Amino acid sequence: MFVHKKIREVARILKNSKKTMVFSGCKIVENEIKKSKNQKVKNLFKKNVNRTIDIDIFNRDPVFAWNEILENFYNPIKDWKPNIIHKTLYEFEKANIISGIVTQNIDGLQIEAGSKNVYEFQGSAQRAVCLECGREYHIKDLPKDFKCPRCNRYLKPKLIFFGEPIPHKTYSKGMKLSSSAEVIILIGAEGNIMPTSAIPIVAKNNGAFVIEINDKPSRYTNSISDIFVEYDMEYVMEKLHEEMNK
Ligand SMILES: [Zn+2]
């Protein structure tokens, strides 16, 4: 099959690369949403739900905002588990095949899979952060009153709200990674959320070879991708993992 030939070619490129990074996008999440029967999951990222991730609403009424965000974002995805894509990327990091991952996804699953160098450009719907002391809380340990026990200040969801920039440290580390990568793997990326979507373009402009894995063409396909593996992403990652072990 043609796809297997492409996967072998991708494996060859990865084996020869000294620095490979990954950019993962929302199509991985969309597949989870499609599989779900939960209506709250089906509504994720719809406009009327997105509206509540607003820094002004949060500043005006943190308890209201927290309840909305818990109901619409945190709770629907709290039982999700890393899939074969997340697990394979973790294995690749452990084997020094990749050096880091920039993700647009907020599900926290790449970190849950065990990956260390993950830069969540849109934040995480698994954690909350205290803006006073910087301490982070996993959703499972979220205080009932939404306040930092140390500072008595309202915790903020670790999601990046509309009107909020990407945290400086995350952004600069992701940029550094993309400007020095020899190879970049785009997986499940559509290229429609700025400025995060610029990461693959920065890599390409700095000479990186672009491998795209996606179940259908994206904005990157005809602009920057050097190889496009168009197939079920979980299958491709499973086969690629096998190929890398040969
Ligand atoms: Zn605190």
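Here's what I pulled together on the structure shown here. (Residues numbered from 1 in each chain as written. Predicted model: local features only at pLDDT ≥ 70, side-chain atom pairs only at ≥ 80, totals over all residues.)

With that out of the way, let us pick up the overall build of the protein. Broken down by element type, the protein carries 11 helices and 9 strands. In terms of overall size, the protein behaves like a compact globule, its C-alpha atoms giving a radius of gyration of 18 Å where 246 residues would be expected to give roughly 18 Å. C-alpha extents for the protein along the principal axes are approximately 55 × 40 × 30 Å. Burial analysis of the protein (246 residues in total) assigns 39% to the buried set. A sequence separation of at least 24 residues applies to 63% of the contacts in the protein between residues at least 6 apart. (Helix = DSSP H or I, 4+ residues; strand = E, 2+ residues; numbered from the N terminus. Rg over C-alpha atoms; globule rule 2.2 N^0.38 Å. Buried ≥ 20, exposed ≤ 12 C-beta atoms within 10 Å, placed from the backbone. Contact = placed C-beta atoms within 7 Å.)

Helix 10 (residues 198–205) packs onto helix 9 (residues 168–180) with a crossing angle of 35° between their chain directions and a minimal axis gap of 7 Å. Along this stretch, helix 9 crosses helix 10, giving a crossing that reads as right-handed. Every residue of helix 10 that contacts helix 9 at G174, M175, S178 and S179 is listed here: I199, V202 and A203. Considering only residue class, the contact of helix 9 with helix 10 consists of 4 nonpolar, 3 polar and no charged. (Axes fitted to C-alpha atoms, helices over the stretch in contact; angles between N-to-C directions. Left-handed = near helix turned anticlockwise from the far one by under 90°. Nonpolar A, V, L, I, M, F, W, Y, C, P; charged D, E, K, R; others polar.)

Our focus in this paragraph is the nonpolar core. I184, L186 and I187 are the most contacted members of the largest nonpolar core, which has 41 residues in total. Sort the elements by how many residues they give to this core and strand 7 (residues 183–187) lands first, with 5 residues. With sequence-adjacent residues up to four places away left out, L186 is seen in contact with F23, P200, V210, I211, E212, I213 and Y220. Counting 12 residues, the second largest nonpolar core, distinct from the first, contains W66, I69, F73 and L159. (Core = buried A, V, L, I, M, F, W, Y, C linked by C-beta atoms within 7 Å.)

Okay, the pairing of strand 4 (residues 123–129) next. Counting buried positions along strand 4 gives 6 out of 7 residues, so the element sits mostly inside the fold. Pairing of strand 4 with strand 6 (residues 156–159), which is carried by 3 bridges, proceeds in the antiparallel orientation. Bridge assignment links G123 to a residue of strand 6, and that residue is L159. The pairing of strand 4 with strand 5 (residues 136–138) spans 3 bridges and is classified as antiparallel. By the bridge assignment, R127 is partnered in strand 5 with H138. Two successive antiparallel strands, strand 4 and strand 5, enclose a turn made up of 6 residues, where G134 displays a positive phi of approximately 85°. (Pairing = 2+ DSSP bridges.)

Non-glycine residue N96 carries a positive phi angle of around 60°. Checked against the element boundaries, N96 lands in the loop between helix 7 (84–94) and strand 2 (100–103). Positioned with a positive phi, F146 is a non-glycine residue whose angle comes to about 65°. Topologically, F146 is positioned in the loop between strand 5 and strand 6.

The next point concerns the packing of helix 7 against helix 11 (residues 233–244). For the pair helix 7 and helix 11, the least separation of the axes is 9 Å and the interaxial angle reads 30°. Relative to helix 11, helix 7 is oriented roughly parallel. In terms of crossing hand, the pair formed by helix 7 and helix 11 is left-handed. Contacts between helix 7 and helix 11 pair I84, I85, T88 and E91 from the former with M233, E234, M237, E238 and H241 from the latter. (Parallel < 35°, antiparallel > 145°, perpendicular 65-115°, else oblique.)

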